[in-house]
Structures are given as C-alpha cells and as structure tokens.
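Close look at the chain arrangement
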Amino acid sequence: MHLFKSVVSLGAVVAVTACGGVESNEGLAMRESALVTGTSQGCTFTVSSALRQPGPFPYIFDVTVTRLASSTCAWGAGSVLVGSSNAVEPTVSLTANELGVAVAYTYGKYARSLELKHLAPDTLTVVRSSTLYPTGVQYSVSSGDLAIGPDGTTLTVSGIKNGPIVGETGSGSSYVASYPDFFTSTTAPSIVAF
C-alpha cells in the first residue's frame, strides 16, 4: 500500500501541478490519514499495525482497530485485535459510515491475501469477513484501499497485485473489488483487474 499511496500521491502532485496548482504536504498527509481513519455513529476509528512484542521469529505484526473517546462517542474508548500477518508488515486501510466500520489488511509472507472485515461500531465485534486471494502461491495482493461509494452502501477496495485474484475479470496489476450492500448483506464482490 505504501507504494500504491506513493503512486497515487505522485499522480495527484502531477495533476495539480499541471493545472497550475501546488500540492501541499498537508493535503497529502490528510489523504493518507483518511485511508486509516473513519467516523461511525459519532465515534472516530483508526487502524494500525505493530510488531508483536516480544517479537517471535518469524515476526508477527498485529492489526488493531481503535475507537477513540470523545464527547460524541456513546461507547468511549476501546480497541480490538482484528488479525495479524507473519514476517511481512501488512498494509492497512479503514473507512466507516453510519452503517459500520470496514477494515482491510494484507497478510502472509508468500501468496499474500487481503482480509476485509465489517466491525460493529458499538461492540467492535466482527459482523462479516471476506478475503481476496491470489490464484497461486507465486502471486500476491499487495494493497487494498477502502472507500464507500456515493450510495452509502457499496464498499470498494482498490489496490495493486502481481497476479490474478480468484474471481476477477480483466487483467492487469491494478484491481477494484466492489461489495454492494457491504454492511447489510453477504453479497460476493465483483472484481475487475486493469
């Protein structure tokens, strides 16, 4: 995801500069922050990864979602371990709206996959899980940035990969997976590579 974010950020700089504007570092930082922070039902949520201590070998990186305390959050502070990755630090992303919190992270050393989870804002329990798998051990899903569509119910995951994902159409090193009614159904995604 770091490479993907860098490419997106570089593209934004080129586009804005070409239009006569100048991209500030604050603007880039705000967009990167938006990839790991979201608000649902008055509460702010963040996702992070950290090396488990004391560190076993191979290293294990834990992925944690944290709910921040605030005057608008009815449930106060809390956190939950949503997953982990062996040997390689995961890329993480989070988005949220009034229907819930969605978090994504890569995991595994070889044939890296992307795990996607829907968390309930109040209990931080997992309501739904879905995984994007590569079609073989020689391939990996390297990143997955989350966004909620204008309809407020469709979740999209966009990122890069180095081989096919199970169920995809098209071909290429980039993909978009669309989950209609992600927070209220278990409908399978449509995955398009380009």
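In this numbering scheme, every chain counts its residues from 1 along its sequence in written order. The predicted origin of the model limits local features to residues at a pLDDT of at least 70 and limits the giving and counting of side-chain atom pairs to 80 or more, whereas totals for whole chains, interfaces and linings rest on all residues. Hydrogen atoms and water are omitted, and side-chain values are computed over all heavy atoms in the structure.

As a further point, take a nonpolar patch on the surface. Residues enter patches when their relative accessible area tops 30% and they take part in no salt bridge; the joining distance is 9 Å for like charges and 5 Å for the nonpolar side chains Val, Leu, Ile, Met, Phe, Trp and Tyr. Only the protein chains shown count as cover for residues, with accessible areas throughout obtained via the Shrake-Rupley method and a probe of 1.4 Å. When a carboxyl oxygen of Asp or Glu lies within 4 Å of a side-chain nitrogen of Lys or Arg, that pair is called a salt bridge. The grouping of Leu51, Phe57 and Tyr59 at the surface amounts to a nonpolar patch, some 350 Å² of accessible area in total. Relative to the elements of secondary structure, phenylalanine 57 occurs in the loop between strand S2 (43-51) and strand S3 (60-67). Comment: elements are numbered from the N terminus, with helices defined as DSSP H or I runs of at least four residues and strands as E runs of at least two.

This part takes up the environment of leucine 35. Among the structural elements, leucine 35 can be located in the loop between helix H2 (25-34) and strand S1 (37-40). A relative accessible area of 17% means that leucine 35 is categorised as buried. With 112 residues separating them along the chain, leucine 35 and alanine 147 place their C-alpha atoms 8.3 Å apart. Only protein chains enter the accessibility calculation, which uses a 1.4 Å probe. A residue is then buried if its area is under 20% of the maximum for its type, exposed if over 50%, and partly exposed in between.

The subject of this paragraph is the sheet that holds strand S5 (residues 92-97). Being paired, for any two strands, means DSSP has found at least two bridges between them. The strand order across the open sheet built from four strands is S5-S6-S7-S8, with neighbouring strands paired in antiparallel fashion. Two strands lie at the open edges of the sheet, namely S5 and strand S8 (126-132), each paired on one side alone. Averaged over all adjacent pairs, the angle separating strand axes in this sheet is 15°, with direction ignored. To obtain each axis, a line is fitted to C-alpha atoms, and for helices this fit is confined to the stretch in contact; angles are then taken between N-to-C directions over 0 to 180 degrees.

Counting buried positions along S5 gives six out of six residues, so the element sits mostly inside the fold. Alternating residues of S5 divide into Val92, Leu94 and Ala96 and Ser93, Thr95 and Asn97, and every residue in both groups is buried. Alignment of S5 against strand S6 (residues 100-107), held across six bridges, turns out to be antiparallel. Paired with asparagine 97 across the two strands is glycine 100, which belongs to S6.

In this section: the side chain of threonine 154. Note that threonine 154 resides in the loop between strand S9 (145-148) and strand S10 (155-160). Classification of threonine 154 as buried rests on a relative accessible area of 16%. Pairing of N or O atoms within 3.5 Å defines a polar contact, subject to two protein rules: one partner must be a possible hydrogen donor and the other a possible acceptor, and residues neighboring in sequence count only if both atoms are side-chain atoms. At 2.7 Å, the side chain of threonine 154 and the side chain of aspartate 151 are in polar contact. The criterion used for residue contact is that any of the two residues' heavy atoms lie within 4.5 Å. Excluding residues within four positions of it along the chain, threonine 154 makes contact with Ala147, Ile148, Gly149, Ser178, Tyr179, Pro180 and Asp181.

Now for the environment of serine 178. Inspection of the secondary structure assignment puts serine 178 in strand S12 (residues 174-179). A relative accessible area of 21% places serine 178 in the partly exposed class. When the C-alpha positions of serine 178 and alanine 188 are compared, they lie 8.6 Å apart, and in sequence the two are 10 residues distant. When sequence neighbours within four positions are dropped, the list of residues in contact with serine 178 reads Thr154, Leu155, Thr156, Pro189 and Ser190.

With that settled, the discussion passes to the sheet that holds S1. Pairing is antiparallel across the open sheet formed by four strands, whose spatial order is S1-S2-S3-S4. Edge positions in the open sheet fall to S1 and strand S4 (78-86), since each of these has one partner strand only. Neighbouring strand axes in the sheet, compared pairwise and without regard to direction, differ in orientation by 25° on average. Examined bridge by bridge, S2 and S3 share seven bridges and lie antiparallel to one another. Bridging across to S3, threonine 46 finds its partner in threonine 66.

With that out of the way, let us pick up the packing of aromatic side chains. For any pair of aromatic rings, the description rests on two quantities: the centre-to-centre distance and the angle between the ring planes. Centre distance within 6.5 Å is the pairing criterion for rings of Phe, Tyr and Trp, where only the six-membered ring of Trp is used; planes under 30 degrees apart are then read as stacked, over 60 as edge-to-face, and the remainder as tilted. As enumerated under the stated definition, the model contains four aromatic pairs in all. Ring plane angle 85° and centroid distance 5.6 Å describe the contact between phenylalanine 57 and tyrosine 59, whose orientation is recorded as edge-to-face. What makes tyrosine 59 partly exposed here is its relative accessible area of 40%. Measuring from centroid to centroid gives 6.4 Å for tyrosine 105 and tyrosine 107, while their planes differ by 55°, and the two rings are tilted. Taking relative accessible area as the criterion, tyrosine 105 reaches 4% and is therefore assigned buried.

As judged from the four bridges shared by S9 and S10, these two strands associate in the antiparallel manner. Across the sheet, aspartate 145 pairs through a bridge with serine 158, a residue of S10. The turn linking S9 back onto S10 is made up of six residues, and glycine 152 within it adopts a positive phi angle of 80°.

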